[in-house]
Amino acid sequence: MLLFSTLLEIESTLTKEKFIELVLEWCQSSPHPGNVIPGIVWHGEKTVHFGDDTLWVDIQEYAARNIIAVRYEKIEDDGVIWDTDYIMNFTQMKMAIRLERSYLEEALTISAKFSTPHFITMLIERGYVKRDNGLAVDNDPLIITEDNLRLVADVINGTAQYHLPIVFVSKTRHDEDPVNVHMLARRLKGVAHVLVQANTATNQALRSMTDEKNEYLGGIGIYFPNAEMHRRYLYRVESGYDYVLENKVVRSVIQYANAHRVESLYSWHGINNALLRDRLKKQTEERNALEAKHRSTLYELIAMQGEMEQQKEEVRQQAIEEAKAEADQILESFDEDMVAAQNEIERLSHEVDRLQQENTGLKIKLDAMSDTPVLHMGEEPDFYPGEITDLLLTALTEYLNTCKPQTRRYDVIRDIIEANDFKKISETRSKAVKACLSRDEGMTPKVRSTLEEAGFEITKDGGHYKAKYYGDDRYMVVIAATPSDGRAGKNTASSAVSKAF
């Protein structure tokens, strides 16, 4: 399960040798003895393996694409597997950093103590991380004073864009930081810039420069590279809330970082699949050359035999044809095996990418949940992913229209709706089903296709059709096979919509 992912732009001063040296230094400098790989002696190899079955580091060079890939893996006593990947592309001078953990229920949400890998700190301290549109990628916060107030104002106004999100921390009413800003910057190193207001003296100027859109009185704003994405967290004067607020900000930034799709050559599996494909291609070319030489020699031998036995022309011709056929059959069989192997590699590569994206989506969805759920699931299962959530949000939206604004009930329900990714799937399906059945055309191919896409299973029963929502007998609608008069179609549409959506 993906815990962390980021892509950093790297200075050209980081060579392949320095990169590998830094990785091996990281493997041996952990403050936790159980994470240290002992006995590493490196002789300059670009492809090398150190460690044992439960703790190891593997370094692979993909020379054809000027890439070095590193995987560090640790297997805990309880079977939990930790994988840390560093993929460095020396042509594009970009480094992908990913941290994954085998699935456990307690790994579904980002730990309150989570911070980005220490390896990023090593990169920053050695000066290997490029500036982000002029802004240093650092593990310390940037203090905002009157001298650089324009920097944060441009971020808030959307006129300045950065590769990494900007986290702006305003001072509280008592001119204090709402969270431990140094800890926040260390936890978000490599995935966000942390900008901290020096004091409340700049409040009036910043309010004027941003048309009062800025955070203030301890509020924290997250400004993502997409100018339309913005999260705001308000400060509360409660004991321990600074820790809660810090974790909310970290969780939001890490979720954003993990949501980005990574190219296959910036992942460990992608590099290994590419190396396997290249080796297979080389073996295929060598085998083809060998087979071509074999075929040429075979044809020459056949020709010599033919010259020696001219008196047996018919036998000679038959031998030539059979030998040619046999040679061609051998090559065709080999080609088919190679094509099958290549297709299998491609299929497995796509499957790995699909599962990684699926895991990432699941992680994002589960991380978006609060630590304490508002409601617990009952015995009814989802007919499709998110169905029950979608129905609840639909019901809450309909009820919200009947509530009086500026009431506690209105604000709580609106907050729940806004905090969830309301896709309105049931509403979309309902409209499609209602539109197709209301026309009362009977069971045409188009009507059947629309119903099946909406989740109905169609069976023929005499002169009628039965449509069961996901095959459940509780939600069955009878549909006439041929058009009828009156309001039959609208009644059928109303019945189907009310039962399923």
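*Asks:* Can you explain the overall build of the protein chain? Please cite residues and give values.
*Replies:* Counting secondary structure elements, the protein chain contains 13 helices and 14 strands. Carbon and sulfur atoms make up 50% of the accessible area of the protein chain, which amounts to about 28400 Å² in all.

*Asks:* Explain the sheet that holds strand E2 (residues 48-51) to me, and be specific about the residues and the numbers.
*Replies:* An order of E1-E6-E5-E4-E3-E2 is seen for the 6 strands of this open sheet, with the pairing classed as antiparallel. Strand pairing shows two members of the sheet lacking a second neighbour, strand E1 (2-9) and E2, which therefore form its edges. Taking the axes of each pair of neighbouring strands and ignoring which way they run, one obtains an average angle of 10° across the sheet. Across 7 bridges, E1 lies against strand E6 (residues 94-101) in antiparallel orientation.

*Asks:* Would you mind going over helix H9 (residues 387-400) in detail, with residue names and values included?
*Replies:* Over its 14 residues, H9 runs 20 Å from end to end, which matches the ideal 20 Å to within 8%, given 1.5 Å per residue. Residues of H9 that are buried sit in contact with helix H10 (408-419), helix H11 (425-438) and strand E13 (464-469).

*Asks:* Can you tell me about the nonpolar core, naming the residues and giving the values?
*Replies:* Phe19, Phe119, Val167 and Leu188 are the most contacted members of the largest nonpolar core, which totals 62 residues. Here this core gets 8 residues from one element, more than from any other, and that element is helix H6 (residues 241-258). For Val167, the residues in contact, after removing those within four places along its chain, are Leu184, Leu188, Ala192, His193, Val194, Leu195, Ile220, Gly221, Ile222, Val249 and Val253. Counting residues in hydrophobic clusters, the runner-up holds 20 residues, among them Tyr384, Val447, Tyr465 and Ala496.

*Asks:* An account of the environment of Gln305 is requested, with residue identities and associated values reported.
*Replies:* As for its placement among the helices and strands, Gln305 is situated in helix H7 (residues 268-308). The exposure class of Gln305 is partly exposed, given its relative accessible area of 41%. A sequence separation of 15 residues divides Gln305 from Ile320, and the C-alpha atoms of the two residues are 9.3 Å apart.

*Asks:* So what's going on with the packing of aromatic side chains? Residues and values would help.
*Replies:* Applying the stated rule across the entire model yields 14 aromatic pairs. Each ring, one from Phe456 and one from Tyr469, has its centre 5.2 Å from the other, and the planes form 55°; the classification is tilted. Highlighted residues: Phe456 in strand E12 (residues 456-461) and Tyr469 in strand E13, separated in sequence by 13 residues. By relative accessible area, Tyr469 is classed as buried at 1%.

*Asks:* Kindly report on the sheet that holds strand E7 (residues 142-144), identifying the contributing residues and their values.
*Replies:* With mixed pairing, the 5 strands of this open sheet are ordered in space as E7-E9-E8-E10-E11. The open sheet is flanked by E7 and strand E11 (230-233), the only strands paired with a single partner. Adjacent strand axes in the sheet meet at a mean angle of 20° when their direction is disregarded. Sheet topology note: the E7/strand E9 (residues 193-197) ladder contains 3 bridges and is parallel. Counterpart to Leu142 in the pairing with E9 is Leu195. Its contacts with the sheet put helix H3 (residues 149-157) on E7, strand E8 (166-169), E9 and strand E10 (220-223), and the angle it makes with E7 is roughly 95°.

*Asks:* Describe the packing of H11 against helix H13 (residues 488-500), with residues and values.
*Replies:* Contact geometry of H11 with H13 gives a least axis separation of 8 Å together with a crossing angle of 160°. Viewed along their axes, H11 and H13 adopt a mutual orientation that is roughly antiparallel. The handedness of the crossing between H11 and H13 comes out as right-handed. Together, Ser430, Val433, Lys434, Leu437 and Ser438 of H11 and Gly489, Lys490, Thr492, Ala493, Ala496 and Val497 of H13 make up the contact between the two elements. The residue inventory of the contact of H11 with H13, partitioned by class, reads 5 nonpolar, 4 polar and 2 charged.

*Asks:* Describe the packing of helix H1 (residues 16-28) against helix H2 (residues 118-125), and please don't skip the residues or the numbers.
*Replies:* Pairs of packed helices are described in terms of their axes, by the angle between the two and the distance that separates them. As a packed pair, H1 and H2 sit with axes 11 Å apart at the nearest point and diverge in direction by 135°. In terms of their interaxial angle, H1 and H2 are classed as oblique. The element H1 and its partner H2 pack so that their crossing is right-handed. Contact residues: H1 offers Phe19, Leu22, Val23, Glu25 and Trp26, while H2 offers His118, Phe119, Met122 and Leu123. When the residues that make up the contact of H1 with H2 are grouped by side-chain class, the tally is 7 nonpolar, 1 polar and 1 charged.

*Asks:* So what's going on with the side chain of Arg98? Residues and values would help.
*Replies:* Topologically, Arg98 is positioned in strand E6. Within polar-contact distance, the side chain of Arg98 engages the side chain of Glu100 at 3.1 Å. Excluding anything up to four places from it in sequence, Arg98 contacts Leu2, Phe4, Ser5, Asp83, Thr84, Asp85, Val262 and Tyr266.

*Asks:* Any chance you could break down the pairing of strand E14 (residues 476-480) for me, citing the residues and the numbers?
*Replies:* Residues of E14 alternate between two faces, with Val477 and Ile479 buried on one and Met476, Val478 and Ala480 left unburied on the opposite face. Inspection of the sheet shows E13 paired to E14 by 5 bridges, in the antiparallel sense. Pairing of His464 across the sheet is with Ala480, part of E14. The antiparallel hairpin formed by E13 and E14 contains 6 residues in its connecting segment, where Tyr470 sits at a positive phi of about 55°.

*Asks:* Pulling in residues and values, what's your account of the pattern of salt bridges?
*Replies:* This structure, assessed with the given rule, holds 20 salt bridges. The salt bridge partner of Asp83 is Arg71, with a shortest N-O separation of 3.5 Å. Of this pair, Asp83 sits in strand E5 (residues 81-89) while Arg71 sits in strand E4 (residues 67-75), and the two are 12 residues apart along the sequence. Each member of the pair Asp83 and Arg71 is classed as buried. One network of salt bridges, with partners in common, ties together Arg71, Asp83 and Asp85.

*Asks:* A description of the side chain of Thr121 should follow, citing residues and the corresponding values.
*Replies:* If you trace the backbone, Thr121 turns up in helix H2. Thr121 sits in the buried class, given a relative accessible area of 8%.

*Asks:* So what's going on with the confidence of the model for the protein chain? Which residues, and what values?
*Replies:* Low-confidence regions, as indicated by low pLDDT, have predicted coordinates that should not be scrutinised in detail. Mean pLDDT for the protein chain: 87, with 89% of residues reaching 70 or above. Within the model, pLDDT remains below 50 along residues 105-110, and this stretch shows 17 contacts once partners closer than five positions in the same chain are excluded.

What counts and how
Residues numbered from 1 in each chain as written. Predicted model: local features only at pLDDT ≥ 70, side-chain atom pairs only at ≥ 80, totals over all residues. Heavy atoms only, no water. Helix = DSSP H or I, 4+ residues; strand = E, 2+ residues; numbered from the N terminus. Areas by Shrake-Rupley, 256 points an atom, 1.4 Å probe, with all protein chains shown as cover. Pairing = 2+ DSSP bridges. Axes fitted to C-alpha atoms, helices over the stretch in contact; angles between N-to-C directions. Expected span 1.5 Å × (residues − 1). Contact = heavy atoms within 4.5 Å. Core = buried A, V, L, I, M, F, W, Y, C linked by side-chain atoms within 4.5 Å. Buried < 20%, exposed > 50% of the residue type's maximum accessible area, 1.4 Å probe, protein only. Phe/Tyr/Trp six-rings, centres within 6.5 Å; stacked < 30°, edge-to-face > 60°. Parallel < 35°, antiparallel > 145°, perpendicular 65-115°, else oblique. Left-handed = near helix turned anticlockwise from the far one by under 90°. Nonpolar A, V, L, I, M, F, W, Y, C, P; charged D, E, K, R; others polar. Polar contact = N/O pair within 3.5 Å; in protein donor to acceptor, adjacent residues only side chain to side chain. Salt bridge = Lys/Arg side-chain N within 4 Å of Asp/Glu carboxyl O. pLDDT = per-residue confidence, 0-100.

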